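Here is how the chains run, residue by residue.
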Protein chains: 8
Amino acid sequence: MVDIAVILGSLSDQHIADKVTDVLTKNNVSYDLRILSAHRDPDALDAYVRSTDARIFITIAGLSAALPGVVAARTDKPVIGVPVSAKLGGLDALLSIAQMPKGVPVACVGIDNGDNAAHMAIRILKLIK
Amino acid sequence: MVDIAVILGSLSDQHIADKVTDVLTKNNVSYDLRILSAHRDPDALDAYVRSTDARIFITIAGLSAALPGVVAARTDKPVIGVPVSAKLGGLDALLSIAQMPKGVPVACVGIDNGDNAAHMAIRILKLIK
Amino acid sequence: MVDIAVILGSLSDQHIADKVTDVLTKNNVSYDLRILSAHRDPDALDAYVRSTDARIFITIAGLSAALPGVVAARTDKPVIGVPVSAKLGGLDALLSIAQMPKGVPVACVGIDNGDNAAHMAIRILKLIK
Amino acid sequence: MVDIAVILGSLSDQHIADKVTDVLTKNNVSYDLRILSAHRDPDALDAYVRSTDARIFITIAGLSAALPGVVAARTDKPVIGVPVSAKLGGLDALLSIAQMPKGVPVACVGIDNGDNAAHMAIRILKLIK
Amino acid sequence: MVDIAVILGSLSDQHIADKVTDVLTKNNVSYDLRILSAHRDPDALDAYVRSTDARIFITIAGLSAALPGVVAARTDKPVIGVPVSAKLGGLDALLSIAQMPKGVPVACVGIDNGDNAAHMAIRILKLIK
Amino acid sequence: MVDIAVILGSLSDQHIADKVTDVLTKNNVSYDLRILSAHRDPDALDAYVRSTDARIFITIAGLSAALPGVVAARTDKPVIGVPVSAKLGGLDALLSIAQMPKGVPVACVGIDNGDNAAHMAIRILKLIK
Amino acid sequence: MVDIAVILGSLSDQHIADKVTDVLTKNNVSYDLRILSAHRDPDALDAYVRSTDARIFITIAGLSAALPGVVAARTDKPVIGVPVSAKLGGLDALLSIAQMPKGVPVACVGIDNGDNAAHMAIRILKLIK
Amino acid sequence: MVDIAVILGSLSDQHIADKVTDVLTKNNVSYDLRILSAHRDPDALDAYVRSTDARIFITIAGLSAALPGVVAARTDKPVIGVPVSAKLGGLDALLSIAQMPKGVPVACVGIDNGDNAAHMAIRILKLIK
């Protein structure tokens, strides 16, 4: 069993994922890392979200960042979203992640702020352990 | 068989869907209308996209408007997206729909511009008939 | 003991707090509601954050929405922030809540989206119970 | 006869046109490439749009990107627009292309996203062939 | 002969055109008023721009406001553009009018500011008379 | 007598002034170039605006670009404003120049678009000569 | 002698000036109120700024809000600026007031926030008395 | 006793603090410089704000720049805020600093404009001395 499922929408988001996993590793939090696009790998993403025993999802995506919302629609576990600055300074990804419809919550952190996604997950895990 | 599948992300987008269907009706284009949220009804949406014999999708969504992209990820037919102004004047939905990653195209029209989604579909249909 | 501490930055945010508490009540989640401004009541806020036994904070603020960040700086429990649209459609509050510095995470939900703050808290509580 | 007419508003948009033609070439789609500004070559543009037998237009423009709309006003074939980031991260071109008036539709893709313009055209062509 | 050709992109811009013509009338400046869309009436617009003997053009348009630029491309007389707030507070029209490519100048005034379009024209006319 | 008074708000705007004067020189239009800040040299600016016999002002400024408006308030000749991108991609300067109050018009051109300021002036001069 | 000179750019800003004077009156701070536009009354504004014995200026303006900067250029006393939301939610005025060039400072408060302009002035006066 | 307390939210804002202290030093204004984050060092910040005998605070912060507001909530002395451009060109910090709630004023200067924070402080000090 792992604590956190870290999902990147694209290999180009690896530098943000590194921030996430660095903080998780320093805090002895186990994780599983996957590159799965909501738009290019919908079936594989769906299968992974439904099968993993991770407690929390950290999702990383730029542009029209549908990944966090799509994961949140397939699980009732907490989903954290990290907007990546690919265009428009990341405003597109920030709005795509934050402005979710009622009933499907995503916890949005700052643009490119992989550190805080990990720290938020750690705060949640502290409630359990 | 219908020409167009019109999908609304939420019942609150009905006034924009009316613009779409008014133009389609006036131009004698057949359509099928569904309310299916990418975030709240992912399985039903998936099933509908895969099963419909419609040639073109018109998708209507506000906020973090993932619907057009999620549909485009599940079909290789043309997908048109209409951003709805729910917050921030619709800028959030416009960016969510337009800024798709490479390989999963969505044809974005103007904010609340259901008319043009229908007109774009009609231009495409003219190529066929 | 309560599950959730709901803090409003201003009485004018009550309509958003109502959305939060409606969802919490329907889901049988206990909460404590306070109106405490990060800018006008810093000492009372500090005292409350340190003394409450709530597991999760839901913070609601508009404009320069410092409340979520100030709470997150005083606790290591999860803090959820709801940006309220008072000026500029809420873009000011959204950026103030989302763009936190490294190490002090806030889980930002959508503008005026009190429902999702409650739903996010419920997802976290499900991990515990 | 060619499938696609690719029109650049300026020689400075060539790097985006290359993305379009790379995808078209890999998919064996024929195209004709022209540099014609809506603002600097209106008559030549008009003549070309009316005379070409291409089925679909892909138009590429930055700044006040009038090219897609001007082409759409002169033809009833599908017109795809690619906003180029010259100033303001491309927000100016995105709005100029997406926010068309009723009755003159343009299919806007993402900023600098020449790939998706080609992919959208390919999806449309698949309906025909 | 008239001094000013006032062109509206749409009947819905009439309230802004009234501001223009009120100021012109009060200053005894003659004008000719036409409703001609760059996108819906391109040929009629082209014919009018080439045939009028007006000295200056005042063009009024919202959304993807191509009208000022299209007129400027067809004449070498001064063209003044008034962005109209239809969506996004008029930011779309402002950027569409202001961000013209090199060589095709448009004099952009403020959003919905028909008065200043007239005043700018009057300043230019004072140089002649 | 000169045709055009070119005024820069700051020495750092020299690269944009060069674009203006290059176009003016190529078109044999005489000009007088001054560096006068609306904020730092208000008296010298005022004296120059009142004393010059130039027919048209081209004003170049970034940030809170008050220069064009301040000149327009001191003369009834045409004033053209060029917003310079110093911060926020030039959006601050664009809004400062375009959004003038009723009765004090400024002809705003695109961000950093010194060429078009010159071309606009040339179009106006053609009416006279 | 008065403590504060309150200057409005336009009669339409009176509702914001009322907020300023309400707070000043409640705190027994004397003031002098004038309506003087930087753009329409430059000479009267200049004369007033140079002649008043007020210690602090509070300036209120919308759109291209040059008033605070123009006052700051004519005095070496503290100048506080209040951006008024006339268009674009007041973003234009906020940027026009905040983004001053080096050496000519303006203390910008929030959009329509006349209260805080008064409170800031009161904080400064407390240092003296 | 010192005149000015200069507080940086992060060591990464040092280059902006240098602008502040350069202007203060050239004008023989004494200052005390501290690096204290509103989010990471809330207790130390609180203690410093309450204990310093400085007359004016200059606070420097990027992103969700809560520092100026948090200081203003703990003192009734004048607080000047400098937004730093870390993401989104500094728009996030500008809005976080400018859009304070009623009753807790912050004097916001331009993005990265440390010079003007110092100049504003000097204007205030001139009233005293």
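Residues numbered from 1 in each chain as written. Chains lettered and ligands numbered in written order. Predicted model: local features only at pLDDT ≥ 70, side-chain atom pairs only at ≥ 80, totals over all residues. Heavy atoms only, no water.

(A) Local environment of the pairing of strand E1 (residues 4–8) of chain F. Residue and element names in this part refer to chain F. Most of E1 is tucked away: five of the five residues are buried. Of the two faces of E1, the one lined by Ile-4, Val-6 and Leu-8 and the one lined by Ala-5 and Ile-7 are each fully buried. Relative to strand E2 (residues 31–35), E1 is paired through five bridges, and the arrangement is parallel. Counterpart to Ala-5 in the pairing with E2 is Asp-32. With helix H1 (residues 14–26) bridging E1 and its parallel neighbour E2, the resulting β-α-β unit is right-handed. Judged from the five bridges that link them, E1 and strand E3 (residues 56–62) form a sheet pairing that is parallel. When the bridges of E3 are listed, Ile-7 appears paired with Thr-59. (Buried < 20%, exposed > 50% of the residue type's maximum accessible area, 1.4 Å probe, protein only. Helix = DSSP H or I, 4+ residues; strand = E, 2+ residues; numbered from the N terminus. Pairing = 2+ DSSP bridges. Right-handed = clockwise from strand over helix to strand, strands pointing away.)

(B) Molecular detail of the interface of chain C and chain A. Facing 34 residues of chain C, the contacting portion of chain A comprises 34 residues. Together chain C and chain A conceal approximately 2,900 Å² of surface at their shared face, both sides included; 60% is due to carbon and sulfur atoms. Our count for the contact surface shared by chain C and chain A stands at two salt bridges. One salt bridge in this structure joins Asp76(C) and Lys126(A), with 3.5 Å as the shortest N-O distance. For the pair chain C and chain A, the number of links is 18 residue pairs in polar contact (both at pLDDT 80 or more). Those elements that provide at least two residues to the side of chain C that touches chain A are helix H4 (91–98), strand E5 (107–108) and helix H5 (114–128) of chain C. With nine residues, the top contributor of residues to the side of chain C that touches chain A is H5(C). (Contact = heavy atoms within 4.5 Å. Buried area = accessible area lost by both parts, 1.4 Å probe. Salt bridge = Lys/Arg side-chain N within 4 Å of Asp/Glu carboxyl O. Polar contact = N/O pair within 3.5 Å; in protein donor to acceptor, adjacent residues only side chain to side chain.)

(C) Fine view of the packing of helix H5 (residues 114–128) of chain E against helix H5 (residues 114–128) of chain F. Relative orientation of the contacting elements H5(E) and H5(F) amounts to 40°, with a least axis distance of 8 Å. Relative to H5(F), the element H5(E) lies oblique. Crossing handedness for the pair H5(E) and H5(F): right-handed. Residues Ile124(E), Leu127(E) and Ile128(E) of H5(E) form the contact with H5(F), whose own contacting residues are Ile124(F), Leu127(F) and Ile128(F). (Axes fitted to C-alpha atoms, helices over the stretch in contact; angles between N-to-C directions. Parallel < 35°, antiparallel > 145°, perpendicular 65-115°, else oblique. Left-handed = near helix turned anticlockwise from the far one by under 90°.)

(D) Focus on the relation of the copies chain H and chain G. Overlaying chain H with chain G gives an RMSD of 0.0 Å, the required rotation being 180° about an axis along which the chain moves by 0.0 Å. Both copies of the chain, as the preceding transformation shows, are related through a two-fold rotation axis. Comparing interface residues between copies, 100% of those in chain H also lie at the interface in chain G; the contact surface is shared. (Least-squares fit on C-alpha atoms with pLDDT ≥ 70 in both.)

(E) Spatial organisation of the interface of chain H and chain G. In this assembly, 34 residues from chain H lie in contact with 34 residues from chain G. Note on chain H versus chain G: buried area summed over both sides is about 2,900 Å², and carbon and sulfur give 61% of it. Contact with chain G buries area across many residues of chain H, yet Pro105(H), Arg123(H) and Leu127(H) alone supply 25% of it, more than any other trio. Seen at the junction of chain H and chain G, the total is two salt bridges. Where chain H meets chain G, there are 17 residue pairs in polar contact (both at pLDDT 80 or more). Those elements giving two or more residues to the side of chain H that touches chain G turn out to be helix H4 (91–98), strand E5 (107–108) and helix H5 (114–128) of chain H.

(F) Representation of the UniProt feature "domain: PurE" (unreviewed entry) in chain A. As recorded in UniProt, the sites labelled "domain: PurE" (unreviewed entry) are residues 2–129 of chain A. Span residues 2–129 of chain A is 42% helix and 20% strand, its end C-alpha atoms 14 Å apart. (UniProt positions renumbered as here; feature names shortened; annotations may be inferred.)

(G) Looking closely at the relation of the copies chain C and chain A. With an RMSD of 0.0 Å, the fit of chain C onto chain A corresponds to turning through 180° and sliding 0.0 Å along the axis. By residue overlap, the copies meet face to face through one surface: 100% of the interface positions of chain C are interface positions in chain A.

(H) How the structure looks around the UniProt feature "binding site: substrate" (unreviewed entry) in chain A. UniProt records the feature "binding site: substrate" (unreviewed entry) for Ser10(A), Asp13(A) and Arg40(A) in the present numbering. Looking at where Asp13(A) falls in the secondary structure, it is placed in the loop between strand E1 (4–8) and helix H1 (14–26). Excluding residues within four positions of it along the chain, Asp13(A) makes contact with Leu8(A), Ile60(A), Ala61(A), Gly62(A) and Val84(A). Tracing the backbone shows Arg40(A) in the loop between strand E2 (31–35) and helix H2 (42–51). Discounting residues that sit within four places of it in the chain, Arg40(A) has contacts with Gly9(A), Ser10(A), Pro101(B), Lys102(B) and Val104(B).

(I) Up close: the pattern of salt bridges. Scanning all chains against the criterion turns up 64 salt bridges over all chains. Of the charged contacts in the structure, one is a salt bridge between Asp43(H) and Arg50(C), with a shortest N-O distance of 2.7 Å. Residue Asp43(H) is located in helix H2 (residues 42–51), and its partner Arg50(C) is located in helix H2 (residues 42–51); the two belong to separate chains. Residues joined in a network through salt bridges with shared partners are Asp43(A), Asp46(B), Arg50(B) and Arg74(B).

(J) Structural view of the state of the cysteines. For the structure shown, the criterion picks out zero disulfides over all chains. Counting only cysteine sulfurs, Cys108(E) is the nearest neighbor of Cys108(F), a cysteine outside any disulfide, at a range of 5.8 Å. (Disulfide = S-S within 2.5 Å.)

(K) Fine view of the arrangement of the chains. Chain A shows no contact with chain E. Their nearest C-alpha atoms sit 15 Å apart. Across the gap from chain B to chain G, with no contact made, the nearest C-alpha atoms are 11 Å apart.

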